[in-house]
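Architecture at a glance
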Amino acid sequence: MSVNPPIFLKDKEENNSKFVEIQQSQTTSIAAEDPLQNLCLASQEVLQKAQQSGRSKCLKCGGSRMFYCYTCYVPVENVPIEQMPLVKLPLKIDIIKHPNETDGKSTAVHAKLLAPEFVNIYTYPCIPEYEEKDHEVALVFPGPKSISIKDLSFHLQKRIQNNVRDKNDPEKPSVKRKKTEEQDLNDSKGQDTTLKKIIFIDSTWNQTNKIFTDERLQGLLQVELKTRKTCFWRHQKGKPDTFLSTIEAIYYFLVDYHTDILKEKYQGQYDNLLFFYSFMYQLIKNAKCSGDKEMRKLIH
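So, here is what we can say about the structure in this document. Quick caveat: nothing in here was measured; it's all calculated off a predicted structure.

Glancing now at the pairing of strand 8 (residues 197–202). Summarising burial for strand 8: five of the six residues are buried, a large majority. By the bridge criterion, six bridges tie strand 5 (residues 92–97) to strand 8 in an arrangement that is parallel. Looking across to strand 8, one finds that lysine 92 is bridged to lysine 197. Sheet topology places strand 7 (residues 137–140) next to strand 8; three bridges connect them, and they run parallel. The residue of strand 8 that forms the bridge with valine 137 is lysine 197.

Printed below as a string of structure tokens:
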């Protein structure tokens, strides 16, 4: 008696296998086209209603805005703050904004709106002093000296040890100085090497150099993000699609920090940072498909 399965069962299995492969391929393709589709977001019903009712008044400055006021960093009248998500972050964020960056076109405000306790925005040349805290602060910026996120703790520890060496008085007798330095280095090994603050530059790529070369940022550790493609609808002409908007850079940094440094499984903890961004992205995508010029004007 033959133990081989009937031919029609083999054909059915092959067809099923091909169907699964096609489905997986289609799913991957869709995810590549729309990386924002699988986010764990709070209900965006409040934004849908606001979009339908149009621009509303800022309760602080009285300006007419859509969704939020980009100068006061608050939601407008028809977007109740209690219906917005609040995101808890594992560290503080400073955003240095170029003075020529158009407020209404910047996505940096999204971070301030959704994580107000953790985010501060400064307009250049206003930059906080970081010199005494260079062992717990880093700057997100690509370049030959940049490190990956997973190497952050190692480099922060090196900075702590270098600071210990620098502070020891060179006038002390050599034996005493050596003992003091050894003790300080041993103490430094037990110090917390967790990053406390991360800095982002908010400007067009052509304008970043003025801020990046500022001497107040020169001594900081530079971190480079993994390569990802932007979804930003105001993509800068002539730049590759790996140049991210500010809110995308913040979001992707935090996701990688969560898995590479905190060593925890990422389960959408920071997805709501894209609460406004994902909604506006979908609005503009739909407007482009339908040819709705008025909607695109409203968002822009």
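The five strands are arranged 6-5-8-7-9 in an open sheet whose pairing can be described as parallel. Unpaired on one side and paired on the other, strand 6 (119–123) and strand 9 (221–223) mark the two borders of the sheet. Averaged over all adjacent pairs, the angle separating strand axes in this sheet is 30°, with direction ignored.

This part covers the pattern of salt bridges. If you walk through the whole model with that rule in mind, you get ten salt bridges. Lysine 49 is paired through a salt bridge with glutamate 45; the nearest N and O atoms lie 3.5 Å apart. Pair noted here: lysine 49 and glutamate 45 are both in helix 2 (residues 45–53), with a separation of four residues, about one helical turn. Glutamate 45 gets classed as partly exposed once you look at its relative accessible area, which sits at 42%. Residues lysine 97 and aspartate 103 are paired through a salt bridge, measuring 2.7 Å at the closest nitrogen-oxygen approach.

On the surface, Glu129, Glu131, Glu132 and Glu215 cluster together into a patch of negative charge. Considering the arrangement of structural elements, one finds glutamate 129 in the loop between strand 6 and strand 7. Of the residues examined, glutamate 129 reaches a relative accessible area of 58% and is grouped as exposed.

Rules used throughout
Counting starts from 1 at the beginning of each chain's written sequence and moves along it residue by residue. Per-residue local features are limited, in this predicted model, to residues with pLDDT of at least 70; the limit for side-chain atom pairs, both in listing and counting, is 80 or more; totals at the level of whole chains, interfaces and linings are taken over all residues. Calculation of side-chain values draws on the structure's entire complement of heavy atoms; hydrogens and water are dropped beforehand. Partly exposed residues are those whose accessible area sits between 20% and 50% of the maximum for their type, while under 20% is buried and over 50% is exposed, using a 1.4 Å probe and protein chains only. Numbered from the N terminus, helices here are DSSP runs of H or I no shorter than four residues, and strands are runs of E no shorter than two. At least two bridges found by DSSP between two strands are what make those strands a pair. Here the axes come from fitting lines to C-alpha atoms, over the contacting stretch only for helices, and the angles between their N-to-C directions go from 0 to 180 degrees. The salt bridge criterion pairs a side-chain nitrogen of Lys or Arg with a carboxyl oxygen of Asp or Glu, the two atoms within 4 Å. For patch building, the residue pool is restricted to those with more than 30% relative accessible area and no salt bridge; the joining distance is 9 Å between like charges and 5 Å between nonpolar side chains (Val, Leu, Ile, Met, Phe, Trp, Tyr). In short, Shrake-Rupley with a 1.4 Å probe defines the accessible areas, and a residue's cover is counted only from the protein chains shown. Under the convention used here, Asp and Glu are negative, Lys and Arg are positive, and both His and the chain ends fall outside the count. Positions of charges follow a simple convention, taking NZ of Lys, CZ of Arg, CG of Asp or CD of Glu.

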